[in-house]
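# A look at the structure
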Amino acid sequence: MSKKEKSLHEKMKNFFGRRDTTPVNFEGLKAEPYVVSLETMKDISSENNVSHRIKALKDLYEHVTSKLLVENAVESICMQIEDLLNANQSVETRHIVFQFYCALINGQLDHLYATRSYLFKLILLHNIQDDLIPRLDMLKALTQNGRIISYFEEEIDVTGGIWTWSCAVKLAGCCLQIVSTTLRSIS
């Protein structure tokens, strides 16, 4: 090898090789967990009117999608906003809350753990027909398009990848309503 080739070879080796400044146990950058302030928790609580709460959720949206939340923050947020899915709320309000839940799930998916079970039950037990599409979107986010069913395997028959009878009946009934509504509108 010529001197020029050696120098290129040495440059490449130095560029890709381990240097003294490279830590042996480098794990990548670790983001500092985001602490949801007490003020924000108060803003999304039932103490405020719905429009104020929705505005606070929209402000929180960016943080839940891009930052790791501190431990138990997801559960606290869920407890504060669960009443916004009641039948006495407007369809628009409920859909915004479902969109927020989807963002929360997508942003915190690797750190939801047992909260996944709570969110699945929320989807399953929410029986308002106008909310079918947002519920399915939330289910899609929670299961990553059906690939992950951790923490709610009991409700799903994992041996065949088929929904248990009660779950299948509920979802089939909802889907049947969508199909019949669509067919009526076409006719």
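Residues numbered from 1 in each chain as written. Predicted model: local features only at pLDDT ≥ 70, side-chain atom pairs only at ≥ 80, totals over all residues. Heavy atoms only, no water.

Named according to an unreviewed UniProt entry, the chain is Tuberin originating from Araneus ventricosus.

## Description of the packing of helix H3 (residues 50-66) against helix H5 (residues 91-108)
One way to put it is that H3 packs onto H5 with a least axis distance of 9 Å and a crossing angle of 20°. With respect to their mutual orientation, H3 and H5 come out roughly parallel. Crossing geometry of H3 relative to H5 is assigned as left-handed. Across from Val-50, Ile-54, Leu-57, Lys-58, Leu-60, Tyr-61, Val-64 and Thr-65 in H3, the residues of H5 making contact are Thr-93, Ile-96, Val-97, Gln-99, Phe-100, Ala-103, Leu-104, Gly-107 and Gln-108. (Axes fitted to C-alpha atoms, helices over the stretch in contact; angles between N-to-C directions. Helix = DSSP H or I, 4+ residues; strand = E, 2+ residues; numbered from the N terminus. Parallel < 35°, antiparallel > 145°, perpendicular 65-115°, else oblique. Left-handed = near helix turned anticlockwise from the far one by under 90°. Contact = heavy atoms within 4.5 Å.)

## What about the nonpolar core?
Residues Leu-69, Ile-77, Ile-81, Tyr-101 and Met-138 are the most contacted members of the largest nonpolar core, which totals 38 residues. Sorting the residues of this core by element identifies H3, helix H4 (73-81), H5, helix H6 (115-125) and helix H7 (132-143) as the ones contributing at least two each. No other element matches the 9 residues that H5 contributes to this core. (Core = buried A, V, L, I, M, F, W, Y, C linked by side-chain atoms within 4.5 Å. Buried < 20%, exposed > 50% of the residue type's maximum accessible area, 1.4 Å probe, protein only.)

## Here we look at the pattern of salt bridges
Enumeration according to the criterion identifies 3 salt bridges in this entry. A salt bridge links Arg-53 to Asp-83; the nearest nitrogen and oxygen atoms lie 2.7 Å apart. In this pair, Arg-53 sits in helix H3 while Asp-83 sits in the loop between H4 and H5, placing the two residues 30 residues apart along the sequence. Residue classification places Asp-83 among the partly exposed residues on the basis of a relative accessible area of 22%. In this structure, Asp-131 and Arg-94 form a salt bridge, with 2.6 Å as the shortest nitrogen-oxygen distance. On the criterion of sequence distance, the pair formed by Asp-131 in the loop between H6 and H7 and Arg-94 in helix H5 is long-range, its members being 37 residues apart. (Salt bridge = Lys/Arg side-chain N within 4 Å of Asp/Glu carboxyl O.)

## Points about the confidence of the model for the chain
One rule of thumb: low pLDDT means the predicted coordinates there are not for detailed reading. Taken residue by residue, the chain gives an average pLDDT of 79. The fraction at 70 or more is 65%. Within the model, the stretch residues 22-30 combines pLDDT values under 50 with 1 contact to residues more than four positions away or in other chains. Low pLDDT, under 50, characterises residues 158-166; the predicted model gives this stretch 14 contacts beyond four residues in sequence or across chains. (pLDDT = per-residue confidence, 0-100.)

## Let's talk about the environment of Phe-152
Assignment of secondary structure puts Phe-152 in the loop between H7 and strand E1 (156-157). By relative accessible area, which is 0% here, Phe-152 ends up buried. As a C-alpha pair, Phe-152 and Phe-120 span 32 residues in sequence and 7.1 Å in three-dimensional space.

## Describing unusual backbone geometry
Despite not being glycine, Asn-72 shows a phi value in the positive range, around 75°. Here Asn-72 lies in the loop between H3 and H4. Classification of Asn-72 as partly exposed rests on a relative accessible area of 47%. One non-glycine residue, Gln-144, adopts positive backbone phi at about 50°. Note that Gln-144 resides in the loop between H7 and E1.

## A few points about the environment of Val-36
One can find Val-36 in the loop between helix H1 (3-16) and helix H2 (38-43). Exposure remark for Val-36: the relative accessible area of 11% places this residue in the buried category. Residues Val-36 and Leu-69 lie 33 residues apart in sequence; the distance between their C-alpha atoms is 7.4 Å. When near neighbours in sequence (up to four residues on either side) are disregarded, Val-36 contacts Met-41, Leu-60, Leu-69, Ala-73 and Ile-77.

## Things to note about H3
With 17 residues, H3 should reach 24 Å at 1.5 Å per residue; the first-to-last C-alpha distance of 25 Å fits that figure. Largest kink in H3: about 35°, centred on Leu-60. Where H3 is concerned, the buried positions are Arg-53, Ile-54, Ala-56, Leu-57, Leu-60 and Val-64. Where H3 is buried, its residues touch H2, H4 and H5. (Expected span 1.5 Å × (residues − 1). Bend = angle between axes of the 7 residues up to and from the residue.)

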